[in-house]
Amino acid sequence: MNDSSSSRIVDDLRVWIGTAAPGARLPATRALVARYQASPVTVQLALRTLIGQGLIESRPGAGTFVRAVRTARPADYGWQTAALRAPRNRITPVSTALRDAPPDVIALHSGYPDRELLPERLVRAALTRAARSAAAVSRPPVAGLPELQSWFARELAEVTPAGSTAPLPSDVIVLPGSQSGLSSIFRALAGPGQPVLLESPTYWGAILAAEQAGVRVVPVPSGPAGPDPDELARAFAETSARLFYAQPNYANPTGAQWPADRHDPVLDVVRAHGAFLIEDDWAHDFGITGSPTPVAARDDAGHVVHLRSLTKSVSPAIRVAAVIARGPARDRILADRGAESMYVSGLLQAAALDIVTQPAWQTHLRGLRHHLGARRDLLVTAVREHVAEASLDHVPAGGLNLWLRLPDGTDLDRLARDCESAGLLVATGDEWFPAEPTGPFVRLNYAGPNPAAFPEAARILGRVLRGGR
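Calculation rules
- Residues numbered from 1 in each chain as written.
- Predicted model: local features only at pLDDT ≥ 70, side-chain atom pairs only at ≥ 80, totals over all residues.
- Heavy atoms only, no water.
- Helix = DSSP H or I, 4+ residues; strand = E, 2+ residues; numbered from the N terminus.
- Rg over C-alpha atoms; globule rule 2.2 N^0.38 Å.
- Buried < 20%, exposed > 50% of the residue type's maximum accessible area, 1.4 Å probe, protein only.
- Contact = heavy atoms within 4.5 Å.
- Areas by Shrake-Rupley, 256 points an atom, 1.4 Å probe, with all protein chains shown as cover.
- Lys, Arg positive; Asp, Glu negative; His and termini not counted.
- Charge placed at Lys NZ, Arg CZ, Asp CG, Glu CD.
- pLDDT = per-residue confidence, 0-100.
- Pairing = 2+ DSSP bridges.
- Axes fitted to C-alpha atoms, helices over the stretch in contact; angles between N-to-C directions.
- Parallel < 35°, antiparallel > 145°, perpendicular 65-115°, else oblique.
- Left-handed = near helix turned anticlockwise from the far one by under 90°.
- Salt bridge = Lys/Arg side-chain N within 4 Å of Asp/Glu carboxyl O.
- Phe/Tyr/Trp six-rings, centres within 6.5 Å; stacked < 30°, edge-to-face > 60°.
- Lys NZ or Arg CZ within 6 Å of the ring centre and 35° of its normal.

A.B. asks: Whenever I open this one, the overall build of the protein confuses me. Can you help?
C.D. replies: In terms of helices and strands, the protein carries 16 helices and 15 strands. What you see for the protein is a C-alpha radius of gyration of 30 Å, clearly larger than the 23 Å of a compact globule of 469 residues, by over 25%. In terms of overall dimensions, the protein has C-alpha extents of about 100 × 60 × 50 Å along its principal axes. Each of the 469 residues in the protein was classed as buried or not, and the buried ones make up 51%. Considering only intrachain contacts with a sequence separation of at least 6, the fraction spanning at least 24 residues in the protein is 75%. Only carbon and sulfur atoms are counted for the fraction: they give 52% of the accessible area of the protein, which is about 21800 Å². If you average the places of the 48 positive and of the 46 negative side-chain charges in the protein, the two averages end up 9 Å apart.

Below is the structure:
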């Protein structure tokens with residue numbers, strides 16, 4: 001053919017490609033120029049068009065080749081069903097609290113504080129310094145940086161009463177977030193098939209960790225003042241359990257805080273049954289009108305295994321926490337952590353230590369108390385004004401959430417869908433119960449973004465609730 005049009009070249013070569021085998025080499029550009037009596041520019045334009053259509057590919061130094069056409073077909077993973085058998089534990093979807101929120105919705109579902117409540121300048125400066133230090137290129141000890149172990153131990157020692165032995169730095173194991181610590185504790189101190197008592201309602205992540213560890217979850221009812229010691233004793237006696245997981249300070253989701261006079265009766269029950277109290281102190285830095293008092297401060301016999309996280313208060317990007325345990329329990333947890341992750345990033349540990357030892361850290365916490373209080377009160381006022389059908393029985397003295405009881409018969413799935421359609425994300429309460437829910441609840445996070453939208457959020461919830469029952 002003697003046609004210089006690139007489209008004619010494309011059409012002609014497409015016919016040739018249709019009959020050629022995948023991987024066949026096209027004639028060189030010089031040969032195509034001679035064949036079509038076209039300029040090199042025109043030939044190159046035609047080739048680029050065919051490459052863009054996915055029919056050919058250029059291999060530098062080798063030439064241009066017919067591209068292999070891959071026929072899409074459905075994947076068949078049926079063989080995996082036979083290989084894996086039935087799952088040992090329930091496969092749980094990602095929690096609502098971890099959902100990403102579009103920018104145009106009001107997000108009251110999250111489990112994390114908004115960015116403006118974080119010590120962002122401290123975090124950025126600490127990460128910069130850590131990146132320039134030896135921590136960026138060295139392996140830390142398996143149990144954690146000694147200086148960070150000392151900080152965690154010292155914080156608990158400061159509230160340990162006279163007459164009790166404070167924890168040592170060697171009792172501390174640094175973790176890549178408290179969630180991994182829960183998994184290790186359930187595996188190391190209980191094991192598959194063994195009963196573990198959990199407050200109900202309680203943190204969904206603890207329920208998930210317990211289920212994935214294969215333990216048998218036993219719910220213990222817990223209210224604004226914590227569990228009833230007599231009910232706890234009965235649960236221990238009936239199940240022969242040796243672990244009780246609880247959040248004595250600003251529990252997720254309810255915001256409940258055990259009164260000081262509840263600590264010793266619960267500890268007495270735990271000691272009487274030769275058991276462990278797994279104290280999750282996730283909200284230690286989120287006091288508003290009160291201050292957290294760890295139950296671990298009242299125990300020096302190793303009955304309390306204390307979890308302390310920095311992830312939510314420092315930054316979700318710095319997943320650093322610690323478990324404080326004494327005796328053989330500590331050794332077993334450390335062995336499990338070694339098998340699971342070997343060690344925690346030294347860079348993250350160095351950054352976390354830098355942040356919490358800066359004078360500005362305490363200044364930040366004092367400001368955080370004020371900001372959380374203002375947000376909590378704004379949401380409480382909005383809920384009481386616009387969601388009169390719901391019951392808010394407890395205004396938390398700290399934490400991040402309100403726990404709202406809705407009228408009996410509320411369809412929670414429909415409520416959540418209708419709220420989302422109206423521009424509001426909420427977390428329904430079902431996933432915070434280890435067994436059947438005791439009623440319809442929603443958890444509302446007052447630490448999320450855009451508190452100015454809280455009144456509108458409450459109006460949406462109230463409107464949907466009145467139309468969705």
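A.B. asks: What exactly am I supposed to notice about the confidence of the model for the protein here?
C.D. replies: If pLDDT is low for a region, its predicted coordinates should not be looked at in detail. For the protein, the average pLDDT comes to 92, and 98% of its residues sit at 70 or higher. When pLDDT is averaged over each helix and strand of the protein, the minimum, 86, is found for helix α4 (residues 78-84) and the maximum, 98, for strand β8 (residues 243-246).

A.B. asks: Would you take a moment to explain the sheet that holds strand β14 (residues 427-428) for this structure?
C.D. replies: Across a sheet, paired strands are connected by hydrogen bonds in the backbone, their directions being either parallel or antiparallel. The strand order across the open sheet built from 3 strands is β12-β15-β14, with neighbouring strands paired in antiparallel fashion. Edge positions in the open sheet fall to β12 (401-405) and β14, since each of these has one partner strand only. Relative to strand β15 (residues 441-445), β14 runs antiparallel, the two being bridged by 2 bridges. From the neighbouring strand, Thr 428 faces β15, where its bridge partner is Val 442.

A.B. asks: Even after reading the chapter, I still don't get the packing of helix α1 (residues 6-19) against helix α2 (residues 29-36), so can you show me in this structure?
C.D. replies: When two helices pack together, their arrangement is given by the angle between the helix axes and by the axis-to-axis distance. Contact geometry of α1 with α2 gives a least axis separation of 12 Å together with a crossing angle of 110°. By the angle class used here, α1 and α2 are roughly perpendicular. Between α1 and α2 lies a crossing of right-handed hand. Of α2, the residues touching α1 (which contributes Ile 9, Asp 12 and Leu 13) are Leu 32, Arg 35 and Tyr 36.

A.B. asks: Looking at this model, I keep getting lost on the pattern of salt bridges. Mind explaining?
C.D. replies: Pairing between side chains becomes possible if they bear opposite charge and their charged atoms approach one another. Inspection of the entire model under this criterion finds 22 salt bridges. With its nearest N and O atoms 3.2 Å apart, the salt bridge here joins Asp 12 to Arg 35. Here Asp 12 is found in helix α1, whereas its partner Arg 35 is found in helix α2, with 23 residues between them in sequence. In this structure, the salt-bridge partner of Glu 120 is Arg 115, at a minimum N-O distance of 2.7 Å. Residue classification places Glu 120 among the partly exposed residues on the basis of a relative accessible area of 27%. The network of salt bridges with shared partners includes Arg 115, Glu 120 and Arg 124.

A.B. asks: I tried to follow the pairing of strand β4 (residues 172-175) on my own but got confused; where do I start?
C.D. replies: Taken residue by residue, a regular strand's side chains alternate between the two faces of the sheet. Burial of the side chains of β4 extends over both faces: Val 172 and Val 174 are buried on one face and Ile 173 and Leu 175 on the other. Relative to strand β11 (residues 321-324), β4 runs antiparallel, the two being bridged by 4 bridges. Opposite Val 172, over in β11, you have Ile 324 as the bridge partner.

A.B. asks: Help me out: how do you make sense of the pairing of β11 in this one?
C.D. replies: Residues Ala 321 and Val 323 of β11 are buried on one face, and the alternating residues Ala 322 and Ile 324, pointing to the opposite face, are buried as well. Pairing analysis gives 4 bridges linking strand β10 (residues 304-309) to β11, with the strands arranged antiparallel. From the neighbouring strand, His 306 faces β11, where its bridge partner is Ile 324.

A.B. asks: Can you help me understand unusual backbone geometry in this one?
C.D. replies: A negative phi angle characterises most non-glycine residues, just as the trans form characterises most peptide bonds. Following Ser 200, the chain continues to Pro 201 via a peptide bond in cis, the omega torsion being 0°. Secondary-structure assignment places Pro 201 in the loop between β5 (195-200) and α8 (204-212). The omega angle of the peptide bond from Asn 252 to Pro 253 is 20°, so this bond is cis rather than trans. Here Pro 253 is to be found in the loop between β8 and α10 (260-272).

A.B. asks: How should the packing of helix α7 (residues 178-189) against α8 be read in this particular structure?
C.D. replies: With their axes 9 Å apart at the nearest point, α7 and α8 run at an angle of 40° to one another. Classified by the interaxial angle, the pair formed by α7 and α8 is oblique. For the pair α7 and α8, the sense of crossing is right-handed. Taken together, the residues of α8 that come into contact with α7 (itself represented by Gln 179, Leu 182, Ser 183 and Phe 186) are Gly 205, Ala 206, Ala 209 and Ala 210.

A.B. asks: Help me understand the packing of aromatic side chains in this model?
C.D. replies: The relation between two aromatic rings is expressed through the spacing of the ring centres and the mutual angle of the planes. A complete count under the given rule lists 8 aromatic pairs for this structure. The interplanar angle of 70° and the centroid separation of 6.5 Å between the aromatic rings of Phe 186 and Tyr 245 together place this pair among those described as edge-to-face. Remark: Tyr 245 occurs in strand β8 and Phe 186 occurs in helix α7; sequence separation between them is 59 residues. Owing to a relative accessible area of 0%, Phe 186 belongs among the buried residues under this scheme. Relative to Trp 432, the ring of Trp 403 has its centre 6.3 Å away and its plane inclined at 75°; by these criteria the two rings are edge-to-face. Of this pair, Trp 403 sits in strand β12 while Trp 432 is found in the loop between β14 and β15, placing the two residues 29 residues apart along the sequence. Accessibility assignment for this pair places Trp 403 and Trp 432 in one class, buried. Each member of the aromatic cluster is reached from another via a ring pair, and the members are Trp 403, Trp 432, Phe 433 and Phe 441. Positioned above the aromatic ring of Phe 65, the side-chain terminus of Arg 59 is 4.1 Å from the ring centre. One residue, Lys 312, lies across the ring of Tyr 112, its end atom 4.5 Å from the ring centre.

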